[in-house]
Amino acid sequence: MKPVNASRHLWAVFIAALLFSTAPLLRADTVDAVHDGFGAYDSIIFTGGGYAGDVVAAGVYMLHKTNSTGIGDTWSNGWIPGFCIELHEPAPKTTVTYDVGMPDDVYNGYTGEILGTAKGNYLRELWAKHYDPAWASGGPYTEQQNSMAAVFAAAVWEIIYEKLPDTPAGWDVTVDGTPGYGGFAASNLDVATANKWLHELTGGGAKADLLVITHNGNQNYLIEVPEPATLVLLGLGGSFALLRRRRRATA
């Protein structure tokens, strides 16, 4: 019988224990994606996230997903529509690994706050009431679709960046009502509709099933958990090749 090398045996035990202890980490909730075009969108002028009077593409950001783990497997590989929730970071130009989580748990580096349940529910209700899947259908998009997608994006940013008002009637996308780097204000969009949608929110209405993907150094995105039929459609990805032609600089 060949004698056992004690040192080698101890290393084998150590490595096996290390792999076992880190096994849950290998099954983290992630999505590998890159921004590669737009659905319906328009350009608006905004103040918020450390910017003042800048132009941003407001609307549906199309993300091309190529890999995932854990909850990230919710989406098939292919195109995923989402809305930017981090104005002060750029959209990813190369594929990066995003963490997947709940909207309520998102940390806003400019306001220094966790989003929280109340804002998370307002976002879910806004999505359930006013998001239109046609904004991510592959286009071409009408002027009205582009306008409404931009309105929706502005409403999302208002919820993300402004302090919670006493009632939803206190939201106004034209006024930066939060001191410091927080707050949000916008122009060059249908302000009346944006404010109308925000004022209709109760926090207790119908809610969409939403998740967020986050990556330090790149824009974070609010994304809906898709229906099974939508998963199949997005997995095909054929019509979204048109979106590559609409690439342009974003905030």
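Notes on the structure in this doc start here.

Analysis parameters
Residues numbered from 1 in each chain as written. Predicted model: local features only at pLDDT ≥ 70, side-chain atom pairs only at ≥ 80, totals over all residues. Heavy atoms only, no water. Helix = DSSP H or I, 4+ residues; strand = E, 2+ residues; numbered from the N terminus. Contact = heavy atoms within 4.5 Å. Expected span 1.5 Å × (residues − 1). Buried < 20%, exposed > 50% of the residue type's maximum accessible area, 1.4 Å probe, protein only. 1 Å grid on protein atoms, 1.4 Å probe; cavity = no way out; pocket = protein on both sides within 12 Å on 5 of 7 lines; lining within 4 Å. Points joined across faces, edges and corners; volume = space filled by probe spheres on them. Nonpolar A, V, L, I, M, F, W, Y, C, P; charged D, E, K, R; others polar. Pairing = 2+ DSSP bridges. Phe/Tyr/Trp six-rings, centres within 6.5 Å; stacked < 30°, edge-to-face > 60°.

Topic: the side chain of Asn 121
Its place among the elements puts Asn 121 in helix H2 (residues 116-130). Excluding residues that lie within four positions of it along the chain, Asn 121 makes contacts with Gly 203 and Lys 207.

So, helix H3 (residues 143-161)
For H3, built from 19 residues, the straight-helix expectation of 27 Å at 1.5 Å per residue is met to within 8% by its first-to-last C-alpha distance of 27 Å. The buried count for H3 comes to 17 of 19 residues, which makes it a mostly enclosed element.

Section: empty space enclosed by the protein
Across all of its chains, the model carries one cavity of 30 Å³ or more by this definition. Each pocket or cavity is described by its volume, and for the largest cavity that value is around 70 Å³. Forming the walls of the largest cavity are Ile 85, Glu 86, His 88, Val 106, Tyr 107, Asn 108, Gly 109, Leu 115, Ile 160, Tyr 161 and Asn 220. Secondary structure elements with two or more residues in the lining of the largest cavity: strand S5 (107-108) and H3. Here the residues of the lining of the largest cavity sort into six nonpolar, four polar and one charged.

Re helix H4 (residues 191-199)
For H4, every residue scored as buried is listed here: Thr 193, Ala 194, Asn 195, Trp 197 and Leu 198. Those residues of H4 that are buried lie in contact with H2 and H3.

Let's talk about the pairing of strand S4 (residues 96-101)
Burial along S4 is one-sided: the face carrying Val 96, Tyr 98 and Val 100 is buried and the face carrying Thr 97, Asp 99 and Gly 101 is not. The sheet contact formed by strand S1 (residues 30-48) and S4 spans four bridges and is antiparallel. If you follow Thr 30 over to S4, its bridge partner there is Asp 99.

Remarks on the environment of Asn 195
When you line up the elements, Asn 195 lands in helix H4. Its relative accessible area of 11% is what places Asn 195 among the buried residues. If sequence neighbours within four positions are ignored, Asn 195 has contacts with Trp 171, Asp 172 and Val 173.

With respect to the packing of aromatic side chains
The geometry of an aromatic ring pair is captured by two quantities: the separation of the ring centres and the angle between the planes. A complete count under the given rule lists 17 aromatic pairs for this structure. For the pair Phe 46 and Tyr 51, a centre-to-centre distance of 5.8 Å together with 50° between the ring planes defines the contact as tilted. By relative accessible area, which is 1% here, Phe 46 ends up buried. Measuring from centroid to centroid gives 4.7 Å for Phe 83 and Phe 152, while their planes differ by 50°, and the two rings are tilted. With Phe 83 in strand S3 (residues 78-84) and Phe 152 in helix H3, this residue pair connects regions lying 69 residues apart in the sequence.

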